[in-house]
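Spelled out from the first residue to the last, the chains are:
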Amino acid sequence: MNNLTILPIILPVIAGMIMVVFRNQIRMHRALSLGTLTLIGIVAVMLMGQIQQNGIQVLHVGGWHAPFGISMVADMFSVLLVFTNAVVAFCCIWYAFFSIGEEREKHFFYPFALFLIAGVNGSFLTGDIFNLFVCFEVMLVASYVLITLGGAKTQLRESLTYVLINMISSFLFLVAIAYLYHMTGTLNMAHLSVRVAEIGQGGLMTTVAFLFLTVFSLKAGLFLFYWIPGSYGAPPPAIAAIFAALLTKVGIYAIIRLFSLVFYHEPGTTHYLIGILAAVTMILGAMGAVAFNDIKRIITYNVVIGVGLILAGFASFCEAGLSGSVYYLIHDMIIKGLLFLLGGSIILLTGTDRIREMSGLIRSYPRLGWMFLITAFSVAGIPPLSGFIGKILITEGAFRVGYYWLGGLGLLASLMVIYSMLKIFMNVFWGYPDDLESNPRISVRGLLRPMALLTALTIFLGLGAQGLYGVVDQAVQGLMDPSLYIAAVLDGKLP
Amino acid sequence: MSIAIGSLFTIGTYLILSRTLLRIILGMSIIGHGVNLLILTMGGLKTGAPPLLGLGVTTFTDPLPQALLLTAIVINFATTALLLVLSYRAYQVTGTDDVGKIWGYQDE
C-alpha cells in the first residue's frame with residue numbers, strides 16, 4: 001500500500017476545483033497550476049525511487065483488496081509517463097500564459113487543463129479496466145471543453161467531429177468491457193491476465209482483443225487517425241500542444257499495457273496486426289507530411305508518424321523493440337509538445353500558416369530559428385538528440401524478429417520526416433524577409449522560455465540516455481514479464 | 001434481450017448516418033442505451049436473489065454490472081448534454097444543422 005500513487009490524480013482535481021471557485025484570480029490560477037504540476041513531478045520522482053528499491057507500488061483504494069476493489073498500480077512504465085506528462089504540461093501551460101489570451105484564461109482554461117492532466121495520469125496509473133474507461137472519459141470531457149474554448153467557427157466544426165468520434169469509441173470500449181467481463185468475470189487487469197491465461201486466448205478472446213484494439217486505435221490515431229489533422233489544427237497552440245503531446249499517447253499506453261499484460265498469448269495474430277497497422281500509419285502519415293504546405297498539417301501528420309513508429313517497436317515484442325518504444329514514447333511526448341509550440345509561435349508571428357507565404361524569419365528571431373532546427377533534427381532522429389536512441393532500438397527490435405519491412409518503413413518514414421521538417425525550416429527561416437517594415441517586431445521572450453526548457457530536455461535526453469537506461473530497462477522488464485505486475489497487485493492472494 | 005439490443009444499435013447507427021445534427025445526437029443516445037443493456041445482459045440478468053449479506057441464499061445476482069451501468073449512464077448523460085450545447089452553439093454560429101453544410105465552410 002502506498003498512498004503516493006493516487007496523488008498525481010487527486011492533486012490536479014483539487015487544484016482545479018479551487019480555481020473554479022475563485023474564477024477571476026488569474027494570477028492565482030497560473031501559480032496554482034504550475035505549482036500542482038511541479039508537485040506531480042516531485043511525486044513521480046519519489047515513486048520512481050521507491051519502485052527501483054521495492055518493485056511495483058500498489059494502492060488498494062478504500063482498503064478493498066484486489067480483485068474486488070479498484071487498485072492504483074504504479075510500475076516504472078506508468079511513472080515514467082506521469083513524470084514526462086508533468087514536465088510537458090508544465091511547459092505548455094507556461095507557454096499559455098503569454099499566448100492564450102485573457103478571455104480564455106477567465107473561462108476556465110487552467111482548471112480544465114488540470115482536469116485533463118488528472119484524467120491522463122489516472123489512465124496511466126489505474127489497474128482496473130473500467131476505471132481506465134472512467135479516466136479516459138475525464139480526460140475526454142476536459143478535452144471537449146478545451147477544443148471548443150473560444151468558439152471560433154473552425155473550432156466548433158472540428159470539435160463536432162472530435163466529440164462524435166470519441167463518443168462512438170467510448171461506446172465500443174464499453175461493449176468490449178462488457179464482453180470481457182462476461183468471459184472472465186473480473187475487471188482488475190492483473191486478475192484479467194491470470195484468468196485469460198487460465199482459459200486460454202481462443203478465437204472469441206482474440207476478437208474481444210481486436211475490439212479493444214479498435215477503440216484504442218481510434219484514440220491513439222493508429223491507422224484510424226482521420227480526425228486528428230482537423231481537430232489538432234483548430235485550438236490555439238498551447239492547447240494543441242497539450243493534445244498532441246498527451247492524448248494520443250494515452251491510447252498508445254493503453255494498447256501497450258493491455259497487449260503486454262492481458263492479450264499477450266497470440267502475438268502472431270494480434271501483434272502482427274498492430275505491426276501492419278503501424279506500417280500503414282507510417283506510410284499515410286509520411287504522405288500527409290510531405291504533401292501539405294501549411295505548418296499545422298505538416299506537424300500533425302508528424303504526430304501520426306510518431307504513433308506508427310512507437311507501435312512498430314511494440315509490435316516486434318522483444319526487449320530491444322520495447323525499450324525503443326518506451327524511449328521513443330518519452331521523446332515523442334516532449335518533442336511533439338515542443339513542435340506544436342514552435343509551430344504556433346511561427347503562426348503567431350507571421351499571421352499565416354502557409355509556409356510559402358513566409359520567409360527570412362531567422363533574421364528577426366534567430367533563437368526561434370535555431371530551436372526549430374534542433375527540434376527538426378531531433379524529430380528525425382539525428383544522433384546526439386533524443387529521437388536517435390529510440391529509433392535505433394525500434395529498428396533493431398523489428399530486424400531481430402524478422403519484420404524487415406517494418407524496420408525499413410520506419411527508416412523511410414524518418415527520411416520523410418526530415419524532408420517535411422526542412423521544408424518548413426527552409427521556407428520559413430531562410431531567404432529574405434519581404435515585409436520587415438510592415439510587420440512590427442513582436443516580443444517573443446516569454447514564449448521562448450518554455451520552449452527553451454523543452455529543447456534543453458531533448459538534448460539532455462539524447463546525451464544522457466545512459467542515465468535513463470536503468471529506469472527504461474526496469475519498465476521494459478515489467479512489460480515483458482506480466483507475473484511481476486500480477487504478483488504486486490494480487491499479492492499472492494487469489495480468490 | 002439481445003434482439004432489443006440489436007435493434008437499438010441498428011436504429012442508432014441509422015440515425016448517426018443521417019445528415020441532421022439532432023438526429024445524430026439522438027442516435028448516439030440510443031446506441032448508449034443499447035450499450036447499457038448489453039452490459040446488464042452480459043453480467044447475467046436474474047439468478048435468484050438480490051446481492052445482500054445475510055440473506056441465506058447461495059445464488060445471487062452479480063451487483064458489479066449494475067455499478068458499471070450507473071457510471072456509464074452518468075457519463076453518457078454528461079457527454080450528451082455537452083454535445084447538445086455544442087451543436088446548439090454550432091447552429092447559432094453557422095446557421096444550419098445540416099452536417100454537410102457545416103463542413104461546407106472549408107476554407108481551403
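Undergrad: Would you mind going over the overall build of chain A with me for this structure?
TA: Broken down by element type, chain A carries 21 helices and two strands. Over its C-alpha trace chain A gives a radius of gyration of 22 Å, about what one expects of a compact globule, namely 23 Å for 495 residues. Its C-alpha atoms give chain A principal-axis dimensions of about 75 × 55 × 40 Å. Taking all 495 residues of chain A together, 61% fall into the buried category. In chain A, of all internal contacts separated by at least 6 residues, the share reaching a separation of at least 24 is 80%.

Undergrad: What is the right way to look at the overall build of chain B in this model?
TA: Along the backbone of chain B there are four helices and zero strands. For chain B, the α and β elements follow one another from N to C terminus as α-α-α-α. At 19 Å, chain B has a C-alpha radius of gyration far larger than the 13 Å of a compact globule built from 108 residues. In terms of overall dimensions, chain B has a C-alpha envelope of 70 × 25 × 20 Å along the principal axes. When contacts within chain B are restricted to residue pairs at least 6 apart in sequence, those whose partners lie at least 24 apart make up 48%.

Undergrad: It is not clear to me how the interface of chain A and chain B should be interpreted in this structure. Could you clarify?
TA: In many reports, interface size means the accessible area that the parts give up when they come together. In this assembly, 22 residues from chain A lie in contact with 26 residues from chain B. Breaking the side of chain A that touches chain B down by element, the ones donating at least two residues are helix H6 (129-148) and helix H7 (153-184) of chain A. Looking at the side of chain A that touches chain B element by element, the count peaks at 15 residues for H7(A). Taken together, the residues of the side of chain A that touches chain B break down into 15 nonpolar, four polar and three charged.

Undergrad: Please explain the nonpolar core as it appears in this structure.
TA: The nonpolar side chains of a soluble globular protein tend to be buried with one another. By size, the foremost hydrophobic cluster in this structure holds 221 residues, and its most contacted members are Cys92(A), Ile242(A) and Leu311(A). Top element by residues in this core is helix H11 (residues 237-261) of chain A. It accounts for 19 residues.

Undergrad: What exactly am I supposed to notice about the packing of H11(A) against helix H13 (residues 295-316) of chain A here?
TA: Geometry of a packed helix pair, given as the angle between the helix axes and the separation of the axes. Residue and element names in this part refer to chain A. Contact geometry for H11 and H13: axes closest at 11 Å, N-to-C directions at 20°. One finds that H11 runs roughly parallel with respect to H13. The two elements H11 and H13 cross, and the hand of that crossing is right-handed. The segment H11 lies against H13, with Ala244, Thr248, Ile252, Ile255 and Ile256 engaging Val303, Val307, Ile310, Leu311 and Phe314.

Undergrad: Would you take a moment to explain helix H2 (residues 21-42) of chain B for this structure?
TA: Every α-helix carries 3.6 residues per turn, so stepping three or four residues along brings you back to the same face. The terminal C-alpha atoms of H2(B), which comprises 22 residues, lie 31 Å apart, in line with the 32 Å expected from a rise of 1.5 Å per residue. In the segment just after H2(B), Gly44(B) is the residue with positive phi, at about 90°.

Undergrad: Help me understand the packing of helix H9 (residues 203-220) of chain A against H11(A) in this model?
TA: All names here are of chain A. At a minimum axis distance of 7 Å, the contact between H9 and H11 shows a crossing angle of 155°. In terms of axis orientation, H9 runs roughly antiparallel to H11. Where H9 crosses over H11, the handedness of that crossing is left-handed. Where H9 approaches H11, its residues Phe212, Leu213, Phe216, Lys219 and Ala220 are matched on the opposing element by Thr248, Val250, Gly251, Ile252, Ala254, Ile255 and Leu258. Considered class by class, the residues forming the contact of H9 with H11 number nine nonpolar, two polar and one charged.

Undergrad: Even after reading the chapter, I still don't get the environment of Tyr485(A), so can you show me in this structure?
TA: Mapped onto the elements of the fold, Tyr485(A) is located in helix H21 (residues 482-490). Tyr485(A) sits 296 residues away from Met189(A) along the chain, and the two C-alpha atoms are 9.3 Å apart.

Undergrad: Looking at this model, I keep getting lost on the confidence of the model for chain B. Mind explaining?
TA: Note: predicted coordinates in regions of low pLDDT should not be interpreted at a detailed level. All names here are of chain B. On average, chain B scores 83 in pLDDT, and the residues at 70 or more come to 91%. No element of chain B has a lower mean pLDDT than helix H4 (residues 99-103), which averages 73, and none a higher one than helix H1 (residues 2-16), which averages 92. This complex was scored by the predictor with a pTM of 0.92 and an ipTM of 0.90.

Undergrad: I would appreciate a short explanation of unusual backbone geometry in the present structure.
TA: Outside of glycine, negative phi angles account for most residues, and trans bonds account for most peptide bonds. Residue and element names in this part refer to chain A. Look at phenylalanine 223: it is not a glycine, yet its phi comes out positive at around 65°. Inspection of the secondary structure puts phenylalanine 223 in the loop between H9 and helix H10 (228-233). The backbone of phenylalanine 317 shows a phi angle near 50°, a positive value even though the residue is not glycine.

Undergrad: Would you mind showing me how to read the environment of Asn24(A) here?
TA: Residue and element names in this part refer to chain A. Position of asparagine 24 among the secondary structure elements: in the loop between helix H1 (7-21) and helix H2 (26-54). On the basis of neighbour counts, which here come to 9 C-beta atoms within 10 Å, the residue asparagine 24 falls in the exposed class. Linking asparagine 24 and serine 420, residues 396 residues apart in sequence, is a C-alpha distance of 42 Å.

Each value, and the rule that gives it
- In every chain, residue numbers begin from 1 and rise along the written sequence.
- To read the labels, note that chains go from A and ligands from 1, taken in the order they are written.
- The model is predicted, so local features are restricted to residues of pLDDT at least 70 and side-chain atom pairs to those at 80 or more, both for listing and for counting; the totals for chains, interfaces and linings are taken over all residues.
- Going along the chain from the N terminus, every DSSP run of H or I of four or more residues is numbered as a helix, and every run of E of two or more is numbered as a strand.
- This radius of gyration counts C-alpha atoms alone. The globule rule is 2.2 Å times how many residues there are, raised to the power 0.38.
- Once C-beta atoms are placed from the backbone, each residue is buried if 20 or more other C-beta atoms lie within 10 Å of its own, exposed if 12 or fewer, and partly exposed for counts between those two.
- With C-beta atoms placed from the backbone, a contact is any residue pair whose C-beta atoms sit within 7 Å.
- Polar here means any residue other than Ala, Val, Leu, Ile, Met, Phe, Trp, Tyr, Cys and Pro, which are nonpolar, and Asp, Glu, Lys and Arg, which are charged; Gly is therefore polar.
- By convention in this section, buried Ala, Val, Leu, Ile, Met, Phe, Trp, Tyr and Cys residues joined through C-beta atoms within 7 Å make up a nonpolar core.
- Axis angles are defined between N-to-C directions and span 0 to 180 degrees, where every axis is a line fitted to C-alpha atoms and, for a helix, only to the segment in contact.
- An angle counts as roughly parallel when it lies under 35 degrees, as roughly antiparallel when it exceeds 145, as roughly perpendicular when it falls between 65 and 115, and as oblique in every other case.
- Helix crossings get a hand from a simple test, with the near helix turned counterclockwise from the far one by less than a right angle marking a left-handed crossing and a clockwise turn marking a right-handed one.
- To estimate how far a helix should reach, multiply one less than its number of residues by 1.5 Å.
- As a per-residue measure, pLDDT reflects the predictor's confidence and takes values from 0 up to 100.

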